[in-house]
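Next come the chains, spelled out residue by residue.
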Amino acid sequence: MKAGVFILDFYGKKEQDSKGAGYINSMHGGRYPMKRSIIQVLVCFIFILLIADTASAKSPERIISLAPSITEILFAAGLGDKIVGVTTFCDHPEEAKQKPKIGGMSNPSLEEVVLLKPDIVIMTTDGNPKEFEQKLHSLGIRTYVFESLTIPELPQGLKKMGEALEEDERFNSLATKIDETLNAVRSQGSASGKKILFIVWPEPLIVAGRQTAVDDAIGLLGGINIGAIGQGRYPKYSIEEIFHRSPDIIFIGKGMVEEGDKNMRELSKGLLERIAHVSAVKKGKVFFVGDGLYRLGPRVVDGIQELAGYLK
Amino acid sequence: MNWKIFLITVTAIIIITVALFAGPRLINPFVMNDTEKEILLSIRLPRVIVSILMGAALGASGAVLQGILRNPLADPYILGISSGASLTAAMGIISGITLFGIVTIPVFAFAGALCTGVFVGAMGWKRGGFWPDRLLLAGVGLGFLFSSILMLIMSISSTEGLRRAMLWIFGDLSLADWSVIPYGSLFIAAGLSISMLRAKSLNALILGDELSHSLGFSPRKERFILFLCVSLMTAASVSLGGMIGFIGLLIPHMARFVTGSDNRILIPVSAIGGGAILCIADLIGKSVLSPTELPAGIITAIIGAPYFLYLLRRKDVLSN
């Protein structure tokens, strides 16, 4: 508190001086501005020190994650022990299933969150209601909102989360690891120019569109995502459109159902029969892939490598 | 008759108390730690108050509306007010505007509901007064229009606000907050008390325009005032927590079954009953699949619809 007052006094006084300097400066040609900027830099520096100091005073020990991707990120960063609550959808890694549940992503239970006494609640812009954040603030609970939506944003997003959680090192190394893999994949460019369709659900036909990790992955591999039409992130697609655009490769995600390998093949049978004359189906270029790309977390790397494996 | 009202009030109070302390995690009112106190005061109490307000507004509006439209199938949502509110609220949620902070969505919904109310009123107005059938049809027509615009917006928008909008449309009380309660209770109390003061003229209105005229009431004026009350109460209720199905239709019929169809008693009993039923529905909604919370609107419809059908068989509601 005393330090704060000191800074304010200091700043106010010097500010006055510098105003005077500015005036003189206009007549005598720039000797004082130098002094002014040094003072400003100094003041800023002290402020930053102060802020950093108060923040590190309460490094969060009890973390609640409001999204499966965040849960995966926290576990990958080695903070699994600090997680005290997750959503009912957080099923990866295996330990996440043992954590106390606080409800769904769009409808988390406020009571459960408060009862777990978190130091910080980590939310995402991709599925958590904004009102919930406001409500948590009104109850005096700290939040951090993870804003990354695409793979290129992921490393930066991880670093920022690391800063917020006072765990820069762990998160930086996680970000670097992802960055390295992405660069390696990019340099391979194994899908150069191929038209790719990623089917999320066969009936009704939903595909991965713009602004999704799948779209980024296809782009990084050098392919063209023919699902990226219109505005929707996961648009409804017509079978006509598949014929019209004639994909070279079709991926079908298994991640939306239990025992995806068996069930998704069963569910996709009808669709694949109807598009049997599309070149990808005729040439047997239809692959069933895991859910790595459905969550913007550490496993997107596995997801990209899985796609890359089928493209070779 | 009075002991019945007494009994209903006592039951309602018990239900409200249970809703406060029960739930997926019981709170013992005599031994509370700080966290439990906070949960009780900042989460459960506003939630229970919001459900009482919403339920009371819907129950009373239903009773009044069935009277002024002389139609046993009328409920506050048939006038399209809720569809208008849902449309503006969903637009607010999906566009992500946070103009008024935590009360943004309620403000949007209230504005939408009021505009729709005015519009329906204008459509139902002819030769210096409201015509029940015109009001009803205008409301149904507008309701369809707004719901389809809503569907259109929802099918072309991709943002994650969509899921939130869906929840809101089904009536979601989970984010009930103290900040909306003063406004909501002001409008609802005003609407409720005016319609209770006009209960006598509503009784006359049900007999038909000519008869009520000869009994000394002006049907046009009374219908206008009561329509205003209903619009205000419905708008406030929808803006507090979205659409709660069935209470407006069902509760007045249940109340008639218990206390008869004198509106002086029917309106307050419908209000009390509506509040209590919504409290219970919300309690069930947040308890059965805990920690996943089901929107209260779904619960009221699931419990309400079968009971309504049972009542329909047991007693001929239409003959009232």
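Reading the values: rules and limits
Residues numbered from 1 in each chain as written. Chains lettered and ligands numbered in written order. Predicted model: local features only at pLDDT ≥ 70, side-chain atom pairs only at ≥ 80, totals over all residues. Heavy atoms only, no water. Contact = heavy atoms within 4.5 Å. Buried area = accessible area lost by both parts, 1.4 Å probe. Salt bridge = Lys/Arg side-chain N within 4 Å of Asp/Glu carboxyl O. Polar contact = N/O pair within 3.5 Å; in protein donor to acceptor, adjacent residues only side chain to side chain. Helix = DSSP H or I, 4+ residues; strand = E, 2+ residues; numbered from the N terminus. Nonpolar A, V, L, I, M, F, W, Y, C, P; charged D, E, K, R; others polar. Phe/Tyr/Trp six-rings, centres within 6.5 Å; stacked < 30°, edge-to-face > 60°. Buried < 20%, exposed > 50% of the residue type's maximum accessible area, 1.4 Å probe, protein only. pLDDT = per-residue confidence, 0-100. Pairing = 2+ DSSP bridges.

A. Structural detail: the interface of chain A and chain B. With 28 residues of chain A at the interface, the matching set in chain B holds 27 residues. Carbon and sulfur atoms supply 57% of the area that chain A and chain B bury against each other, a total of about 2500 Å² over both sides. Lys286(B) is the partner of Glu111(A) in a salt bridge, and the nearest nitrogen-oxygen pair spans 3.3 Å. Applying the counting rule to chain A against chain B returns eight residue pairs in polar contact (both at pLDDT 80 or more). Listed by contribution, the elements that provide at least two residues to the side of chain A that touches chain B are α4 (110-115) and α5 (130-138) of chain A. Within the side of chain A that touches chain B, the residues separate by chemical class into seven nonpolar, 12 polar and nine charged.

B. Quick look at the packing of aromatic side chains. Counted according to the given criterion, the structure contains 10 aromatic pairs over all chains. Ring centres of Phe287(A) and Tyr310(A) lie 4.4 Å apart, and the angle between their planes is 20°; on these two criteria the pair is classed as stacked. You can see Phe287(A) sitting in strand β9 (residues 286-289) and its partner Tyr310(A) sitting in helix α12 (residues 300-311), a full 23 residues away along the chain. Looking at Phe287(A), the relative accessible area reads 16%, which means it is buried. Ring plane angle 25° and centroid distance 4.7 Å describe the contact between Phe110(B) and Phe187(B), whose orientation is recorded as stacked.

C. Structural view of the confidence of the model for chain B. Counting all residues, the mean pLDDT for chain B is 86, and 96% of those residues have values of 70 or more. Looking across chain B, the model is least confident in helix α6 (residues 161-169) of chain B, with a mean pLDDT of 74, and most confident in helix α7 (residues 181-197) of chain B, with 93.

D. Seen up close, the pairing of strand β8 (residues 249-253) of chain A. Residue and element names in this part refer to chain A. With respect to burial, β8 is a largely interior element, five of its five residues being buried. Here β8 shows no split at all, with Ile249, Phe251 and Gly253 on one side and Ile250 and Ile252 on the other all buried. Where strand β5 (residues 195-201) lies against β8, four bridges are found, and the strand directions are parallel. In the sheet register, Ile199 faces β8, and the bridge partner there is Ile252. Bridge analysis of β8 against β9 gives four bridges, and the strand direction is parallel. By the bridge assignment for β9, Ile252 is matched with Phe288.

E. Seen up close, the confidence of the model for chain A. All names here are of chain A. On average, residues of chain A score 80 in pLDDT, and 80% of them are at 70 or above. Put simply, helix α1 (residues 2-28) is where chain A has its lowest mean pLDDT, 39, and strand β1 (residues 63-65) is where it has its highest, 95. pLDDT under 50 marks residues 1-31. Its contacts with residues more than four places away, or in other chains, come to 13 contacts. When the criterion is pLDDT under 50, residues 52-57 qualifies, and its contacts beyond four places in sequence or with other chains add up to two contacts.

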